[in-house]
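In case you want the letters, here they are:
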Amino acid sequence: MLWLAACSPGPDAGAIIISGSGLGREADVLRTQIARFSQARGIRVELQPAPDSADERHQLYVQWLNARAATPDVLQIDVIWTPEFAAAGWLLPLDAFAPRVAEFFPAAIAANSWDGTLFALPWFIDTGMLYWRTDLLDAAPRSFADLTSATGAILGQSDLPYGFVWQGARYEGLMTVFVEILGGFGASILDERGRVTVDSERAVNALTFMRDAIHEHRTTPAAVLTWQEEDTRFAFQNGQAVLMRNWPYAKTLLDDPGSSKVAGRFGVARMPSTPEGRPTAALGGAQLAVNARSRRPEAAYALVAFLTAPEQMLERARVVGQFPSRPGLYDRPELSEAIGLPAAEVRDILQSARPRPVTPVYTELSGILQVHVHRALTRQTEPRAALESAAAEIRRLLARSGLDRAESIGLRKPATAGLYP
Ligand code: GLC
């Protein structure tokens, strides 16, 4: 509560308030774009910073929205929150503003719609990537077995402190890593029909791999059990790790020779897999929504439209390295230049990225998994027992909420080709 009071700039009736995260260079580019918008439209905008951690931001937003606060007017919503916030009546339906939805990735629009209504516009798309050191490895490991042997060999011959680093703290980031390792082992949290599959044999193998990387092979440091995105980025950037799993934003910062010891000495690749699975990138990202109780919905929407326009997305890609949610931009050479990767290939990766379950009870579902997965990683429980407990609790949650049918938890496939496999 103290934190809340300290961070709140206080209501200013004249300004539109936008709240979002400031990971990497996010806050810089947002400030620049807000200033440009204010100048062009004569609408004052204030940025109310929110925590980087998705879970803390979620908690804060739930407190505000549940208390029926009229601000922030514009909210940066994680790709997994729209169903929950929309079902609670906290977001303003955007259809009346007639946004040109056909210009965005169809599945991102599907993820931002609830009950046939559009509640947010896609801002940027995140996808998990494997960062690898080109000066230590000849190629990125394609299988988890290669990853373990190659990293183990390097750690044995050098004084490098860390092998493969990832987000292992008990928070949402761990869920995205888990989704990727699950996919690599041919497993999933739910199947296409919405049945809970996270206690399958393959899922147990996936979690066992994560646990053993820390405690048996020691290719992953136990420190990751408290690490979020930035902790892993600092380790990799300081030249202390062989491999890192992270989002695209890290690349721009790692490329900067002024602050990065690995500039020019790393590459990005797909995550490894096993013969039973396939390389899997979690689908992440953010959208912009308008608070249903905003006193200035038109001005708030004007800001959303401005920030999600092509020019702003290209600038964001250039400064922060985050990927645009407009497929049309991937044909523009400026985008490849901006992200330092072939944009057409990135579009392919995005098109097969794996979403987390789309349901209004995602936060509860994730909370259950976070506890049990983390317990297995800290060796308080065996992976099988951990996943059996998690699966039982998730089955009860879905049954209790009447959301145990595929169509009602949004697992239907979009009619058009899009981001979802
Ligand atoms: C990134 C992703 C988001 C995810 C979060 C987890 O911000 O864009 O979707 O939930 O990381 O830490």
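Just so it is clear, the model here is predicted, and its values are computed rather than measured.

**Student:** Which parts of the structure should I look at to understand the overall build of the chain?
**Tutor:** A tally of regular secondary structure across the chain gives 16 helices and 12 strands. Radius of gyration (C-alpha) of the chain: 21 Å, near the 22 Å computed for a compact globule of 421 residues. With the C-alpha coordinates aligned to their principal axes, the bounding extent of the chain is approximately 60 × 55 × 45 Å. When burial is assessed residue by residue, the chain has 59% of its 421 residues classed as buried. Taking the intrachain contacts of the chain between residues at least 6 apart in sequence as the baseline, contacts between residues at least 24 apart amount to 75%. A total accessible area of about 17000 Å² is found for the chain, and carbon and sulfur atoms account for 50% of it. For the chain, the distance from the average site of its 42 positive side-chain charges to the average site of its 46 negative ones is 2 Å.

**Student:** I'm lost on the packing of aromatic side chains in this one. Help?
**Tutor:** For any pair of aromatic rings, geometry is given as the distance between the ring centres together with the angle between the planes. Inspection of every chain in the model, using the stated rule, returns 15 aromatic pairs. Here Tyr 61 and Trp 64 contribute two aromatic rings whose centre-to-centre distance is 5.7 Å and whose plane-to-plane angle is 25°, an arrangement assigned as stacked. Taken together, the positions of Tyr 61 and Trp 64, both in helix H3 (residues 54-66) and three residues apart, correspond to about one turn of that helix. The class for Tyr 61 is buried, based on a relative accessible area of 0%. For the ring pair Phe 85 and Trp 90, a centre distance of 5.3 Å and an interplane angle of 65° mean the geometry is edge-to-face. A relative accessible area of 0% places Phe 85 in the buried class. The class for Trp 90 is buried, based on a relative accessible area of 10%. Through a chain of ring-to-ring contacts, three or more aromatic side chains come together here, namely Tyr 61, Trp 64, Trp 81, Phe 85 and Trp 90. The ring of Trp 247 carries the charged tip of Arg 245 above its face, separated from the ring centre by 4.2 Å. The cationic tip of Arg 326 hangs over the ring face of Phe 104; the distance from NZ or CZ to the ring centre is 4.4 Å.

**Student:** Can you walk me through the nonpolar core in this structure?
**Tutor:** In terms of nonpolar packing, the biggest core is built from 137 residues, with Ile 18, Met 210 and Leu 369 touching the most fellow members. Sort the elements by how many residues they give to this core and helix H11 (residues 297-307) lands first, with eight residues. Beyond its immediate stretch of four places on either side in the chain, Leu 369 contacts Met 175, Phe 178, Ile 189, Val 198, His 374, Ala 390 and Ile 394.

**Student:** Explanation requested: the packing of helix H2 (residues 26-41) against H11 in the structure shown.
**Tutor:** Axis angle and axis distance: for two packed helices, these are the angle between their axes and the distance between the axes, and together they describe the pair. Packing of H2 against H11 leaves a shortest axis separation of 11 Å and a crossing angle of 125°. Judged by the inter-axis angle, H2 sits oblique to H11. Once H2 is placed against H11, the crossing between them reads as right-handed. Each of Leu 30, Gln 33, Arg 36, Phe 37 and Arg 41 in H2 lies in contact with H11, whose residues at this interface are Ala 299, Ala 302, Leu 303, Phe 306 and Leu 307. Here the residues of the contact of H2 with H11 are counted per class, giving seven nonpolar, one polar and two charged.

**Student:** Looking at this structure, how should I read the sheet that holds strand E7 (residues 129-133)?
**Tutor:** Either a parallel or an antiparallel arrangement is found when strands of a sheet pair, and the pairing is made through backbone hydrogen bonds. Within the open sheet, the four strands sit side by side as E8-E9-E7-E10. Their pairing is mixed. Sheet topology places strand E8 (162-165) and strand E10 (266-269) at the edges, where each strand pairs with a single neighbour. Averaged over all pairs of adjacent strands, the angle between their axes in this sheet comes to 20°, without regard to strand direction. Sheet topology places E7 next to E10; four bridges connect them, and they run antiparallel. Bridge pairing in E10 links Arg 133 to Phe 266.

**Student:** How should I be thinking about helix H7 (residues 172-184) in this particular structure?
**Tutor:** Because the α-helix completes a turn every 3.6 residues, residues three or four places apart line up on one side. In this model H7 runs 19 Å from its N-terminal to its C-terminal C-alpha over 13 residues, within 8% of the 18 Å that 1.5 Å per residue would give. In terms of burial, H7 is a largely internal element, 13 of the 13 residues being buried. Following H7 by one or two positions, Gly 186 has its phi on the positive side, about 75°.

**Student:** I tried to follow the side chain of Thr 219 on my own but got confused; where do I start?
**Tutor:** By the element assignment, Thr 219 lies in the loop between helix H8 (201-215) and helix H9 (229-237). Judged by relative accessible area, Thr 219 falls into the buried class, the value being 3%. Those residues within four positions of Thr 219 in sequence are excluded, and the remaining contacts are Thr 148, Thr 151, Gly 152, Leu 155, Gly 163, Phe 164 and Ala 213.

**Student:** Got a minute to help me understand the site of the ligand in this structure?
**Tutor:** Neighbouring residues of the ligand: Asp 78, Val 79, Ile 80, Asp 126, Tyr 171, Glu 172, Gly 173, Glu 229, Trp 247, Gly 284, Gly 285 and Arg 356. Glu 229 is positioned such that a nitrogen or oxygen atom in its side chain is 2.7 Å from an oxygen atom of the ligand. Gly 285 places a main-chain nitrogen or oxygen 2.8 Å from an oxygen atom of the ligand. Listing elements by their share of the shell around the ligand, those giving two or more residues are H7 and strand E11 (283-290).

**Student:** Looking at this structure, I do not really get the packing of H7 against H8. What am I missing?
**Tutor:** At a minimum axis separation of 9 Å, H7 and H8 run at an interaxial angle of 120°. Considering their axes alone, H7 and H8 lie oblique with respect to each other. The element H7 and its partner H8 pack so that their crossing is right-handed. Across the interface between the two elements, Leu 174, Val 177, Phe 178, Ile 181 and Leu 182 of H7 pack against Ala 203, Ala 206, Leu 207, Phe 209 and Met 210 of H8. For the contact of H7 with H8, the class distribution of residues is 10 nonpolar, no polar and no charged.

**Student:** Mind showing me how you'd approach the environment of Tyr 301 here?
**Tutor:** One can find Tyr 301 in helix H11. A relative accessible area of 9% places Tyr 301 in the buried class. Each C-alpha atom of the pair Tyr 301 and Asp 73 lies 9.0 Å from the other, and the pair is 228 residues apart in sequence.

Rules used throughout
Residues numbered from 1 in each chain as written. Predicted model: local features only at pLDDT ≥ 70, side-chain atom pairs only at ≥ 80, totals over all residues. Heavy atoms only, no water. Helix = DSSP H or I, 4+ residues; strand = E, 2+ residues; numbered from the N terminus. Rg over C-alpha atoms; globule rule 2.2 N^0.38 Å. Buried < 20%, exposed > 50% of the residue type's maximum accessible area, 1.4 Å probe, protein only. Contact = heavy atoms within 4.5 Å. Areas by Shrake-Rupley, 256 points an atom, 1.4 Å probe, with all protein chains shown as cover. Lys, Arg positive; Asp, Glu negative; His and termini not counted. Charge placed at Lys NZ, Arg CZ, Asp CG, Glu CD. Phe/Tyr/Trp six-rings, centres within 6.5 Å; stacked < 30°, edge-to-face > 60°. Lys NZ or Arg CZ within 6 Å of the ring centre and 35° of its normal. Core = buried A, V, L, I, M, F, W, Y, C linked by side-chain atoms within 4.5 Å. Axes fitted to C-alpha atoms, helices over the stretch in contact; angles between N-to-C directions. Parallel < 35°, antiparallel > 145°, perpendicular 65-115°, else oblique. Left-handed = near helix turned anticlockwise from the far one by under 90°. Nonpolar A, V, L, I, M, F, W, Y, C, P; charged D, E, K, R; others polar. Pairing = 2+ DSSP bridges. Expected span 1.5 Å × (residues − 1). Near = heavy atom within 4 Å. Polar contact = N/O pair within 3.5 Å; in protein donor to acceptor, adjacent residues only side chain to side chain.

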